[in-house]
Amino acid sequence: MSSERDSETTFDEDSQPNDEVVPYSDDDTEDELDSRQPGVESEQTQTNRGTEESRETLRKDCSWQVKANDQHFHEQPQFKRTILLCFKKSKYAGNAIKTYKYNPITFLPLNLFEQFKRAANFYFLVLLILQAIPQISTLSWYTTLVPLLLVLGITAVKDLVDDIARHRMDNEVNNRTCEVIRDGRFKNTKWKDIKVGDIIRLKKNTFVPADILLLSSSEPNSLCYVETAELDGETNLKFKMALEVTDKYLQEESAMADFNGLIECEEPNNRLDKFTGTLFWRNMSYALDADKILLRGCKVRNTDFCHGVVIFAGADTKIMKNSGKTKFKRTKIDSLMNYMVYTIFLVLILLSAGLAIGHTYWEQQIGNSSWYLYDAEDYSPPYRGFLNFWGYIIVLNTMVPISLYVSVEVIRLGQSYFINWDLQMYYSEKDTAAKARTTTLNEQLGQIHYIFSDKTGTLTQNIMTFKKCCINGQRYGDCRDGAGQLPSHPEQVDFSWNMYADGKFLFYDHYLIEQIKSRKDPEIQKFFLLLAICHTVMVDVSDGQINYQAASPDEGALVTAARNFGYVFLSRTQNTITISEMGIEKTYDVLAILDFNSDRKRMSVIVRESNGNIRLYCKGADTVIYERLHPRNVKREATEEALDVFANETLRTLCLCYRDISDDEFEAWNKKFMEASVATTNRDEALDKVYEEIEKNLILLGATAIEDKLQDGVPETISKLSKADIKIWVLTGDKKETAENIGFSCELLTDETTICYGEDISALLQTRLENQRNRAGSSTHSSLRMNEPFFQGSRDRALIITGSWLNEILLEKKKKKKKLKLKFPRTAEEKQKQTEKRRKAEAYKEQQQKNFVDLACECKAVICCRVTPKQKAMVVELVKKYKKAITLAIGDGANDVNMIKSKAAVRLLSVGNISSGSSSTISSLFLFVEKTLPSVSLPTLTFLASLLPSMPALSLYEETLYEMLPTLELESVAKKGCRLSCQATTLLGNSATSRDCCWSTDDGPTLGCASF
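Please read these numbers as outputs of a predicted model, since none were measured by experiment.

1. So, unusual backbone geometry
Right, so step 1: A positive phi angle, close to 55 degrees, is found at aspartate 183, a residue other than glycine.
Right, so step 2: Within the secondary structure, aspartate 183 sits in the loop between strand S4 (177-182) and strand S5 (185-190).
Right, so step 3: The backbone of arginine 519 sits at a positive phi, close to 55 degrees, despite the residue not being glycine.
Right, so step 4: Residue arginine 519 is classed as partly exposed on the basis of its relative accessible area of 39%.

Next comes the structure, spelled out in structure tokens:
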């Protein structure tokens, strides 16, 4: 069986999924730089000496060429592409962006095309054409033209208002300015006028206008710190580093103007964390990777200025590649109305045909023999019947409810304003109101079955706060007085004794403060000294105030905590770090920094103290720290107990430890460290091996506990949505441990929840698939058993799956590239076998994906971590495809745009700047999702239902509509925080003329009533 399965799939199954790695699967093409054979990739990433052979090899994959300060280079014929017939255009996009649907030329045809997709509009267009024919027209043509123009005009105005808002957003972005080399000097230039190859200068707190190669910066070691809130919603800083050679020679304006380097790199794509290219300059070649690229949408922070050359502009930038095309979304109401109109039109044709046949019969029997009915036209009875058929179509046009479309559009437009004015969805802290960015999907919000939410910046504020700690086996952080006793009432610690305290830090354990001030416990001093030294945080001093810029919010929280407890990080240079220890400034020589990465899960720093002693400080995850502890750590057991307590409180934990190093040991180790640092091949592996040699026999100091603050009201909102039987899926790029902790914090997961991981469900799905293939063609009883639940029992279950396992299970892994071989033409039989093989592989893949969706939907909650933007959209589409459900996507960054554009979407505000708003339906906070669903959809659905009695032609569908709108949906929404009282539930399908519905909050106040 296994051989057969292998033959039906063409996916790479050589390795097990890695939970720590974001899968490399964001490009739809197979022509990717994914040849990862040892030796080939490493040689291309080394510094070549400019040989023509190496250059030609790289060009096979890197076909995008950028010449700095040379606009004519990009206008050459080989860089042009045919857009229409013989018209050609440069393949390099300008930097102007557009998210709008229409322009002055395309508005009328595109909008009319969209509107005539509606059956009623198209019907009345045909009717208008028929009325222009004198032989069959029974009514004046303007009787149809006027209402049709009214309908089209109202809808067009609404669409125009929506699109004008998008135009304004685009113009605001395109007209931003930055400094660009023009005529040998830096001049202020609008973003839309920036071209590929331009050299630009960016200053602190400015946005990056395009994807650029970093050339130099004002910071030591050519570092540049950027904030990526526009890309992923995270406000913590990330650093980029320019090439040493460009940073050395490209600092002055004249040098920038003379720079003529050639960059060869990959074609524009949507992979935010991947880049491969080479810089050719001064007869040398230099490898480029993602760490040297600043992406559009990033914000320069903690760096006075930096320079770069534009590689991708406008629509070619990675953030725009992730945006995709603006889609026209249609609701269930639109689909239902179209279906009803088609049915009514069929009835109209049958009725008109019957009347035409009757008229033909009457003409033959009576009409021809009645001289007083002669109209001077000698038409035969069949021909007269044919003309009268069209006449009846015109006369009976009132059966088609064209005014229904107008009413629906007016209701939606009015409802969008009600959303904007809703005080219950106003967030006073940020002076932010809900914003309806489109008016087409309001009523969909009351029919949601699945919610897909981003984590960082959406469920959480991405603000870390130091809460508790364990030092030398003793837990601190609970509410205690100076003597270590429980106080009668909580009292906040007064940090006025510390001149560097930031004033925002809240702490209630006075006993820890007394221990710090007394300086009796040296372990406490080492603990907070470690927090102040072991990090990569940068200091920004403005107006005498110290501000920390951290690469991760965890580091920022720990350094800020140490600052408030009296151990203040003041400044750093390349080789030193200055700390204020309880008011006394001390400078330590930094001998080495052992970087953190997802494999090591720890970070260390080696410093020389003022007395000459060398000490290593280390912090990291408990699992990796315990493996490297000295065997005689007497406080290990007490620390483990504290970590369990912190974990139960859903706090993020780190272990802290240290060791003293002799001069001889350090000298011997440092030689190996320097050799590994300059290794040209497998540098990371060599460094990790050297790090392992020094990070051993550590002495445990204790552990920290940090809280990742949730957005206001998140647990309560999730609880109420769960009671309404709405499934919540969290899709995030964070690590599995982080996502799981947040799941517990927001009460998506509880202690009673049974958690399944990727490896668990992979076996379940494989077993189910084998059973389905074995039972194919069996009895009906067997086919019914194939649909039995995956899980037995009534226990709550949750699924936590990483992006790598998601690709493995859904068979979305990359295909292996095959070497070019000379092949003879295949016979018809071989082609048929190949086609059948592909068909079976597709069927196998589709069945596997359906099984995954079925299994995931049996879980109370699903958390997908380490997923890419494309995978987020894929998960949403799979649920929509196999469950036929209305989905709600919630996000706050550019990496959520694909997911948001998939279906109905609410875009939420986070602490950072947001770029996904133009793709969304409503702009709000997660706190207000619970209010958004009923308050937006209930009035809309009720108004739509109230139109039915005034539409006689829809009487056949009255019961269906009432069941769909006022009863099923209102009752379902009522479970989402509303109480519904509706007499219509007992009157459906009969001749009752009054249906009364009222809905109110759980607190009692009535939100509204309707009679229809």
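2. So, the packing of helix H25 (residues 803-810) against helix H27 (residues 869-883)
Right, so step 1: Between H25 and H27, whose axes approach to 12 Å, the crossing angle comes to 45 degrees. With respect to H27, the axis of H25 lies oblique. When the axes of H25 and H27 are compared, the crossing they make is left-handed. Residues Gly803, Leu806, Asn807 and Leu810 of H25 form the contact with H27, whose participating residues are Gln871, Met874, Val875 and Leu878.
Right, so step 2: Looking at side-chain class alone, the contact of H25 with H27 contains 5 nonpolar, 3 polar and no charged residues.

3. Considering the sheet that holds strand S14 (residues 299-301)
Right, so step 1: A sheet is described by the order of its strands in space; here 3 strands give the open sequence S9-S8-S14, paired in antiparallel fashion. In this open sheet, the two strands that pair with only one neighbour each are strand S9 (237-241) and S14. The average undirected angle you get between the axes of adjacent strands in this sheet is 45 degrees.
Right, so step 2: Pairing analysis gives 3 bridges linking strand S8 (residues 223-227) to S14, with the strands arranged antiparallel. In the strand pairing of S14, tyrosine 225 is matched with arginine 301.

4. Topic: the pattern of salt bridges
Right, so step 1: Taken as a whole and assessed by the stated rule, the structure comprises 37 salt bridges.
Right, so step 2: A salt bridge links glutamate 114 to lysine 117, with the shortest nitrogen-to-oxygen separation between them at 3.3 Å.
Right, so step 3: Linking lysine 586 and glutamate 581 is a salt bridge whose minimum nitrogen-to-oxygen distance equals 3.6 Å.
Right, so step 4: On the basis of relative accessible area, glutamate 581 is assigned to the buried category, the value being 12%.

5. Section: the nonpolar core
Right, so step 1: One finds Ile199, Ile263 and Ile311 to be the most contacted residues of the largest nonpolar core, which totals 57 residues.
Right, so step 2: Looking at which element gives the most residues to this core, the answer is strand S15 (residues 305-312), with 5 residues.

6. Structural notes on the confidence of the model for the protein chain
Right, so step 1: Chain-level pLDDT for the protein chain is 75 on average; 74% of the residues reach the 70-or-more range.
Right, so step 2: Contacts from residues 934-1012, a stretch scored under 50 in pLDDT, to residues over four places away or in other chains number 160 contacts.

7. Thoughts on H27
Right, so step 1: Taking 1.5 Å of rise per residue, the 15 residues of H27 would be expected to cover 21 Å, and the 22 Å separating its terminal C-alpha atoms lies within 8% of that figure.
Right, so step 2: Positioned one or two residues after H27, lysine 884 has a phi angle of 50 degrees, which is positive.

8. Details of the pairing of strand S12 (residues 284-288)
Here is the key point about a regular strand: its side chains alternate between the two faces of the sheet.
Right, so step 1: Most of S12 sits out of view: 4 of its 5 residues are buried.
Right, so step 2: Note that strand S11 (residues 277-281) and S12 share 5 bridges and pair antiparallel. Note on S12: the bridge partner recorded for leucine 279 is tyrosine 286.
Right, so step 3: Remark: 2 residues form the turn of the hairpin made by S11 and S12, two consecutive strands paired antiparallel; arginine 282 in that turn has positive phi of roughly 55 degrees.

9. Topic: the packing of helix H11 (residues 332-365) against helix H12 (residues 381-395)
Right, so step 1: Two elements in contact, H11 and H12, have axes whose closest approach is 8 Å; the angle formed by their N-to-C orientations is 145 degrees. As for the relative orientation of H11 and H12, their crossing is right-handed in sense. Contacts between H11 and H12 involve Leu348, Ile349, Ser352, Ala353, Leu355, Ala356, His359, Thr360, Glu363 and Gln364 from the former and Pro381, Pro382, Arg384, Gly385, Asn388, Phe389, Tyr392 and Ile393 from the latter.
Right, so step 2: A class-by-class count of the residues in the contact of H11 with H12 yields 10 nonpolar, 6 polar and 2 charged.

10. Here we look at the side chain of glutamine 848
Right, so step 1: Residue position: glutamine 848 is located in helix H26 (residues 828-857).
Right, so step 2: Given the relative accessible area of 5%, glutamine 848 is considered buried.
Right, so step 3: Leave out the neighbours within four places in its chain, and glutamine 848 touches Leu765, Leu769, Ile809 and Leu811.

11. Considering the sheet that holds strand S10 (residues 262-265)
Right, so step 1: Strand order across the open sheet formed by 4 strands is S1-S10-S11-S12, with antiparallel pairing between neighbours. Each edge of the open sheet carries a strand with a single partner, namely strand S1 (64-67) and S12. Direction aside, neighbouring strands of the sheet carry axes that sit 20 degrees apart on average.

12. A short note on a positive patch on the surface
Right, so step 1: On the surface, Arg81, Lys89, Lys98 and Lys321 cluster together into a patch of positive charge.
Right, so step 2: With respect to the element layout, arginine 81 can be found in strand S2 (residues 80-84).

Analysis parameters
Residues numbered from 1 in each chain as written. Predicted model: local features only at pLDDT ≥ 70, side-chain atom pairs only at ≥ 80, totals over all residues. Heavy atoms only, no water. Helix = DSSP H or I, 4+ residues; strand = E, 2+ residues; numbered from the N terminus. Buried < 20%, exposed > 50% of the residue type's maximum accessible area, 1.4 Å probe, protein only. Axes fitted to C-alpha atoms, helices over the stretch in contact; angles between N-to-C directions. Parallel < 35°, antiparallel > 145°, perpendicular 65-115°, else oblique. Left-handed = near helix turned anticlockwise from the far one by under 90°. Contact = heavy atoms within 4.5 Å. Nonpolar A, V, L, I, M, F, W, Y, C, P; charged D, E, K, R; others polar. Pairing = 2+ DSSP bridges. Salt bridge = Lys/Arg side-chain N within 4 Å of Asp/Glu carboxyl O. Core = buried A, V, L, I, M, F, W, Y, C linked by side-chain atoms within 4.5 Å. pLDDT = per-residue confidence, 0-100. Expected span 1.5 Å × (residues − 1). Patch = residues over 30% accessible without salt bridge, like charges linked within 9 Å, V, L, I, M, F, W, Y side chains within 5 Å. Areas by Shrake-Rupley, 256 points an atom, 1.4 Å probe, with all protein chains shown as cover. Lys, Arg positive; Asp, Glu negative; His and termini not counted. Charge placed at Lys NZ, Arg CZ, Asp CG, Glu CD.

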